[in-house]
Amino acid sequence: MKRIVFHRLFGVLCLTIMLGMGVMSGVAYAQQSGAVPGNTTGSVNDSEFWRSIRQGGQGLVSIPNKTAGIMIQSEGEEWRSLRNGPLSTYGGYLLALSLGAIVVFFLVRGRIKITGGRTGRAVPRFSQPERWIHWFVASLFILLGLSGLLLMFGRYVIQPIIGKSAWSAVASASLQGHNLLGPMFVVALLIMLGVYMKDNIWQKGDLTWALKGGFLSKGHPPSWKYNLGEKSWYWLLFFAGLAISTSGLLLDFPWLVERVQQLQLAHLVHAGAAVVLIAASLGHIYLGTIGVEGALDGMTYGYVDEKWAEEHHGWWAEEAMKTRGDVIEGAGETMPPEKAPAE
Ligand code: HEM
């Protein structure tokens, strides 16, 4: 029995030595003759062969995805470290800063009330299509924002709590949902930007609103339909929204680009612009709900109280009442009773 085992071991050892000698002599031949393993890249020796790979040289592959011929893509590492480093870190700081600023603003300024009290007369502010597109875009924005933030920060915040396998399911669902809703958002955003553009063009007097203290002012500096703060939100949405949309479409349909580096750049633009927009949207949402009494009425029912219109958008209110002549008396009939301005 022992003898059989010994013979087998000896056989395996001899085979290994023979194979090893074969490989060594092959490598030695390749080095001597200047050939490279596989002789595919046209390099003359091993170091050039590996240097070419390290520098992102592309070899030939027989599958349709030709970029699979690149073994090492250094820009990928740069992208990874930018995404997991400064982008996540400063993005997180920006969101925290925005939340902090809102809390400080609330503590210092409090809720901006309708100082003169409601009059009970309602002024039409937003048509139904205007409100529909606003809420459609807002809903998509919130879903995309939440799923995007999960993909960006979830690995650090959620994974340690729910574990790797549950996180993997959440991340995959977020990614699928995000990719699906993205194109819908692009179309809806374009419609909304078109619908709201006219009144967001800068006008004479916008700066006066800001110079008189804007939201910080204790009084009510007059403004047009939108004040400079709202117009800045619109134009931020315009530029950042278009950047997010274009880069997002490239990420959703990667065959539109030629090089993977373009996708990495698109991803950085997409995530960077999205974080800026999410941080700003927190301010918009605060002012539209808790921050300014009576503002939400316009986007919910289409009407605002006349006093609210005069205090916040004096110049617009004058025009709206003069030109439209459709101020609605007894707004209780037009608005749901619980929301109707007090008589
Ligand atoms: C729950 C979230 C939101 C609330 C409560 C809200 C509330 C409001 C309100 C009350 C107005 C009317 C302001 C006025 O009458 O002057 C408004 C306008 C507007 N909102 Fe929102 N909003 C929300 C989310 C969003 C989001 C996510 C976006 C963009 C992606 C957005 C974009 C706009 C735009 C473009 C306007 C028109 C005014 C302007 O151009 O500044 N909103 N919103």
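Conventions adopted
Residues numbered from 1 in each chain as written. Predicted model: local features only at pLDDT ≥ 70, side-chain atom pairs only at ≥ 80, totals over all residues. Heavy atoms only, no water. Helix = DSSP H or I, 4+ residues; strand = E, 2+ residues; numbered from the N terminus. Buried < 20%, exposed > 50% of the residue type's maximum accessible area, 1.4 Å probe, protein only. Contact = heavy atoms within 4.5 Å. Areas by Shrake-Rupley, 256 points an atom, 1.4 Å probe, with all protein chains shown as cover. Donors = N, O, S within 2.8 Å, 3.2 Å for Na, K, Ca; no water. Tetrahedral: all angles 85-135°; square planar, octahedral: opposite > 155°, others 65-115°. Patch = residues over 30% accessible without salt bridge, like charges linked within 9 Å, V, L, I, M, F, W, Y side chains within 5 Å. Salt bridge = Lys/Arg side-chain N within 4 Å of Asp/Glu carboxyl O. Near = heavy atom within 4 Å. Polar contact = N/O pair within 3.5 Å; in protein donor to acceptor, adjacent residues only side chain to side chain. Nonpolar A, V, L, I, M, F, W, Y, C, P; charged D, E, K, R; others polar. Axes fitted to C-alpha atoms, helices over the stretch in contact; angles between N-to-C directions. Left-handed = near helix turned anticlockwise from the far one by under 90°. 1 Å grid on protein atoms, 1.4 Å probe; cavity = no way out; pocket = protein on both sides within 12 Å on 5 of 7 lines; lining within 4 Å. Points joined across faces, edges and corners; volume = space filled by probe spheres on them. Lys, Arg positive; Asp, Glu negative; His and termini not counted. Phe/Tyr/Trp six-rings, centres within 6.5 Å; stacked < 30°, edge-to-face > 60°. Lys NZ or Arg CZ within 6 Å of the ring centre and 35° of its normal.

Draft legend 1. Local environment of the overall build of the protein chain. On a plain count of helices and strands, the protein chain comes out with 12 helices and two strands. In the protein chain, which comprises 343 residues, the proportion classed as buried is 35%. Taking as baseline every contact in the protein chain between residues at least 6 positions apart, the subset at least 24 positions apart corresponds to 73%. Accessible area of the protein chain: about 20700 Å², with a carbon and sulfur share of 68%.

Draft legend 2. Quick look at the coordination of the iron atom of the ligand. Each protein donor to the iron atom of the ligand is listed here as His 134 (NE2) and His 284 (NE2); together their distances run 2.0 Å. Angles of 88 to 179 degrees at the metal separate the six donor atoms of the iron atom of the ligand, which places the site in the octahedral class. Of this pair, His 134 sits in helix H4 (residues 128–157) while His 284 is found in helix H9 (residues 260–291), placing the two residues 150 residues apart along the sequence. According to the relative accessible area criterion, His 134 is buried, its value standing at 13%. Looking at His 284, the relative accessible area reads 34%, which means it is partly exposed.

Draft legend 3. Examining a nonpolar patch on the surface more closely. Judged by side-chain polarity, Val 103, Val 104, Phe 106, Leu 107, Val 108 and Ile 290 come together as a nonpolar surface patch covering roughly 590 Å² of accessible area. The element contributing the most residues to the nonpolar patch is helix H3 (residues 74–109), with five residues. Note on placement: Ile 290 falls in helix H9. Ile 290 gets classed as partly exposed once you look at its relative accessible area, which sits at 45%.

Draft legend 4. Focus on the site of the ligand. Taken together, 24 residues form the shell around the ligand, and within it Arg 125, His 134, Asn 200, Glu 230 and His 284 come nearest. At 2.7 Å, a side-chain N or O of Arg 125 approaches an oxygen atom of the ligand. At 2.8 Å, a side-chain N or O of His 284 approaches a nitrogen atom of the ligand. Where the shell around the ligand is concerned, the elements lending two or more residues are H4, helix H6 (164–197), helix H8 (228–252), H9 and helix H10 (295–301). Of the residues contributing to the shell around the ligand, the split by class is 16 nonpolar, six polar and two charged.

Draft legend 5. The arrangement of the packing of H4 against H6 in detail. Where H4 meets H6, the axes come as close as 7 Å, and the angle between the chain directions of the two elements is 145 degrees. Crossing handedness for the pair H4 and H6: left-handed.

Draft legend 6. Region of interest: the environment of Ile 70. Summarising the element assignment, Ile 70 is placed in the loop between helix H2 (46–54) and H3. For Ile 70, a relative accessible area of 24% corresponds to the partly exposed category. When the C-alpha atoms of Ile 70 and Gln 58 are compared, they prove to be 4.6 Å apart, with 12 residues separating the residues in sequence. Every residue in contact with Ile 70, bar those within four places of it in the chain, is listed here: Gly 56, Gly 57 and Gln 58.

Draft legend 7. The arrangement of the layout of surface pockets in detail. Of the volumes computed, that of the second largest pocket is approximately 680 Å³. Lining the second largest pocket are 27 residues, with Gly 148, Leu 151, His 178, Leu 251 and His 270 sitting closest to its centre. A breakdown of the residues in the lining of the second largest pocket according to their chemical character gives 16 nonpolar, nine polar and two charged.

Draft legend 8. Up close: the side chain of Arg 109. With respect to the helices, strands and loops of the structure, Arg 109 is situated in helix H3. It turns out Arg 109 is buried and unbridged, and the closest side chain with the opposite charge, Glu 311, is 8.6 Å from it. A distance of 3.0 Å separates the side chain of Arg 109 from the backbone oxygen of Phe 215, its partner in a polar contact. Polar contacts involving the side chain of Arg 109 include one to the main-chain carbonyl oxygen of Ser 217, which spans 2.8 Å.

Draft legend 9. Layout of the packing of aromatic side chains. The full count for this structure, using the stated rule, is 15 aromatic pairs. Seen from their ring centres, Tyr 90 and Tyr 93 are 6.0 Å apart, and the 65 degrees between their planes marks the pair as edge-to-face. One end of the pair is Tyr 90 and the other is Tyr 93, both in helix H3 and three residues apart, which spans about a single turn. The pair formed by Tyr 90 and Tyr 93 is uniform in burial state, with each residue classed as exposed. Joined through ring pairs, the aromatic side chains of Trp 202, Tyr 234, Trp 235, Phe 238 and Phe 239 make up one cluster. Between Arg 125 and the ring centre of Trp 316, over which it is positioned, the NZ or CZ distance is 4.6 Å.

Just geometry here; none of it tells us what the structure is for.
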